Amino acid sequence: MSEQMTDMPISPELLKILRCPVAVQSDEYGDDPGRLELVKGYWLVCADSGLKYPIRDGIPVMLIEEGEKWKDTPVDELPVPPPSD
């Protein structure tokens, strides 16, 4: 289990508290909106808003503009690692 923890690009504790900045502003997603799922080890995906945020150099890039850039990209087509623009 500890090996898996060291392989994660962000800590499990951070993943628990991070939320999509778009979804948290809406009342339509329930009591805990904007939860994020770690995908492909480099992406945080919000099921509520559909936005996808890259993790670059171990830092989640939680800018709305960044999440919107990847919204229409299917999860299986997200580039690994994310481009640095």
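Before reading on, note that the structure itself is shown above.
The following paragraphs examine the structure supplied in this document. (Residues numbered from 1 in each chain as written. Predicted model: local features only at pLDDT ≥ 70, side-chain atom pairs only at ≥ 80, totals over all residues. Heavy atoms only, no water.)

### Describing the side chain of Ser 49
Basically, it comes down to this: For helices the rule is a DSSP run of H or I covering at least 4 residues; for strands it is a run of E covering at least 2, with both sets numbered from the N terminus onward. Each polar contact in these results corresponds to two N or O atoms within 3.5 Å; when the atoms are within protein, one needs to be able to donate a hydrogen and the other to accept it, and residues that are neighboring in sequence are counted only if both atoms are side-chain atoms. Contacts between residues were defined by any pair of non-hydrogen atoms, one from each residue, lying within 4.5 Å.
Relative to the assigned elements, Ser 49 resides in the loop between β2 (43-46) and β3 (52-56). There is a polar contact of 3.2 Å between the side chain of Ser 49 and the backbone nitrogen of Leu 51. In contact with Ser 49, not counting residues within four places along its chain, are Cys 20, Val 22, Ala 23, Tyr 29 and Lys 71.

### A closer look at the pattern of salt bridges
Keep this limit in mind: Salt-bridge detection follows one rule: a side-chain nitrogen of Lys or Arg within 4 Å of a carboxyl oxygen of Asp or Glu. Using a 1.4 Å probe on the protein chains alone, a residue whose accessible area is under 20% of its type maximum counts as buried, one over 50% counts as exposed, and one in between counts as partly exposed.
Taken as a whole, this structure holds 4 salt bridges when the rule is applied. Across the pair Arg 19 and Asp 32 runs a salt bridge whose closest N-O atoms are separated by 3.0 Å. Here Asp 32 lies in the loop between α2 (12-17) and β1 (36-39) and Arg 19 lies in the loop between α2 and β1, a separation of 13 residues in the sequence. Given the relative accessible area of 36%, Asp 32 is considered partly exposed. Across the pair Lys 69 and Glu 66 runs a salt bridge whose closest N-O atoms are separated by 3.3 Å. In this pair, Lys 69 and Glu 66 are both assigned in helix α3 (residues 64-69), 3 residues apart and thus about one turn of the helix distant. The exposure class of Lys 69 is partly exposed, given its relative accessible area of 47%. A relative accessible area of 7% places Glu 66 in the buried class. Each member of the salt-bridge network shares a partner with another, and the members are Arg 19, Asp 32 and Arg 35.

### Examining the sheet that holds β2
Definition in use: Between any two strands, pairing holds if DSSP finds at least two bridges.
A sheet is described by the order of its strands in space; here 4 strands give the open sequence β1-β2-β3-β4, paired in antiparallel fashion. Edge positions in the open sheet fall to β1 and β4 (59-60), since each of these has one partner strand only. Pairing between β1 and β2: 4 bridges, direction antiparallel. Bridge assignment links Val 39 to a residue of β2, and that residue is Trp 43.

Geometric values such as these leave the question of function open.
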